[in-house]
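# Descriptive analysis of the structure
Residue-level listing of the chains:
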Amino acid sequence: MTAEKFINNPFGNGLVYKTGDLTAWLPNGSINYIGRIDNQIKLRGFRIELSEIDNKILEFSNVKESVTIVQDKTICSYIVAENAFNLDDLKQFLRETLPSFMIPSFITKLDTLPINVNGKVDKKSLPLHFLDNIASEIIPPRNEMDRTIINELKSILRIDNISIKDSFFGIGGDSLNAITLSTHLSDTLNTLVTVKDIFDNPIIENLSDKIGNLSTEYRTTVISKSKTESTYPLSYAQKRMYYANTVSGKNSITYNVAGGFLFDTILDANKIQTALNTLVQIHPSFRTIFTYGNGELVQSILDDVSITLETEHTSVNPQELVDNFPKPFDLSKAPLLRAKLCILDNSKSLLMLDSHHIILDGTSFAVVFRDFCKLYNGETVNSPKLDYTDYAVWEKEFLSSPEFETMNAFWVNKFKDKEFTPLNLPYDYPLSNIKSFNRRKCVLFSF
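About the thresholds
Residues numbered from 1 in each chain as written. Predicted model: local features only at pLDDT ≥ 70, side-chain atom pairs only at ≥ 80, totals over all residues. Heavy atoms only, no water. Salt bridge = Lys/Arg side-chain N within 4 Å of Asp/Glu carboxyl O. Helix = DSSP H or I, 4+ residues; strand = E, 2+ residues; numbered from the N terminus. Buried < 20%, exposed > 50% of the residue type's maximum accessible area, 1.4 Å probe, protein only. Core = buried A, V, L, I, M, F, W, Y, C linked by side-chain atoms within 4.5 Å. Contact = heavy atoms within 4.5 Å. Pairing = 2+ DSSP bridges. Axes fitted to C-alpha atoms, helices over the stretch in contact; angles between N-to-C directions.

### Overview of the pattern of salt bridges
In this structure the tally under the stated criterion is 15 salt bridges. Between Glu205 and Arg142 there is a salt bridge, and its shortest N-O distance comes to 3.9 Å. A residue pair is termed long-range when its members are at least 10 positions apart, and Glu205 in helix α8 (residues 204-212) and Arg142 in the loop between α4 (129-136) and α5 (144-157) qualify at 63 residues. Residue class for Glu205 comes out buried when judged on its relative accessible area of 14%.

Printed below as a string of structure tokens:
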């Protein structure tokens, strides 16, 4: 413990004592105490200092004491107040003064905070019964809005038994799920439901009430099926990816999307081959090539494309096989998908898939594997109603529309007279002059 607490002085010679306090060293030499560094958490991708939440709560009139903890991925605050007041007023104050990801999902009034023998707040003794009640007592929807939200959550989070008293984050929601929920609710209800609405109102009944008071004047952006052409434009995301891939070199695998799936049985190579070829036909992205036409980068969808499944019997470690599987892709040739089946000595099968990020990301990789499993098991998979080229065509048209010009003018004027100074962040180690794209291990899933 001595070696842990007394560390080399980063500002000079000798040792310094690491107190565990989080402070800010002000320009005038003063030190501003913020809280304890061991009270910092990472939740839903954000680093949160719980003491900052308490400090903000204490700014609200009548609140004398406050302590904030995280329970089941949910921020919970406990307060002691001098006089009675409406908790909704405190919540509104926090919405106006804190980022949405720091606003407590639950605020509980107590007569006193439990104290341990050292005179500190005994966080283990804080009452958590309300979470237990929420988990055990399913309060049904009050109205159609409640039902709509719960049905969407069941589909997105793949869980049942959701109560209107549940917190979106407490039942497994995160920022990505919030984006999906926002999109689905906006389309279903013809009302603009933002991610901020969800973050500010994580309790389902509160979100329902919030949406009920929103304007219904919301125009959904519709992407329609584009005409069949020999070539299509690239989206801006694809152009960036093509450029980055070119810069990294033709032998680079920096932008490959690869993974391995380990099965406790020996798979049928013929069924895999059939499933993969069907997959290539269902998803046009695998039949897409990227070339230059009339001096412009374009993409084309080929009709007749097949994939050859590699097979091998081996005793090599599965993780090593997966790590060494990605190979460079020529983006002008299809299919932009490789597959290999390895039969292992322990009667297991390793199926490896390798594609390129210009047509695939982590989310769509999961969709592809889901469709593959259905096809392997003899189920039918329908082709998607829209292709990515439909989005690329829509994006190109949108970027020349009056609506986009209005948006563009707003941001140009917003920063027209702003001067920006570079943010020089301190580094633990000097930057190397040699660029490296060394990566971690590829993902290996077991089934």
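### Considering the nonpolar core
Within the largest apolar cluster, 38 residues are counted, with the highest numbers of intra-cluster contacts made by Ile272, Leu276, Phe290, Ile358 and Phe372. Elements with a contribution of two residues or more to this core: α9 (236-248), β10 (256-263), α10 (269-282), β14 (337-344), β15 (349-356) and α12 (362-376). Residues contacting Ile358, with those up to four places away along its chain left out, are Gln238, Met241, Tyr242, Phe290, Leu331 and Leu336. By size, the runner-up hydrophobic cluster in this structure holds 37 residues, among which are Ile103, Ile150, Ile204 and Ile211.

### Some thoughts on the sheet that holds strand β13 (residues 310-314)
Pairing in this open sheet of five strands is mixed, and the strands run β13-β14-β15-β10-β16 from one edge to the other. Taken across any chain shown, the strands that pair with only one partner, and hence form the sheet edges, are β13 and β16 (443-446). Strand-to-strand twist across the sheet, computed as the mean angle between neighbouring axes with direction ignored, equals 20 degrees. In the sheet, β14 pairs with β15 via seven bridges, with the strands oriented antiparallel. The partner of Leu341 across the bridge, within β15, is Leu351. Relative to the sheet, α10 contacts β13, β14 and β15, its axis offset from that of β14 by approximately 165 degrees.

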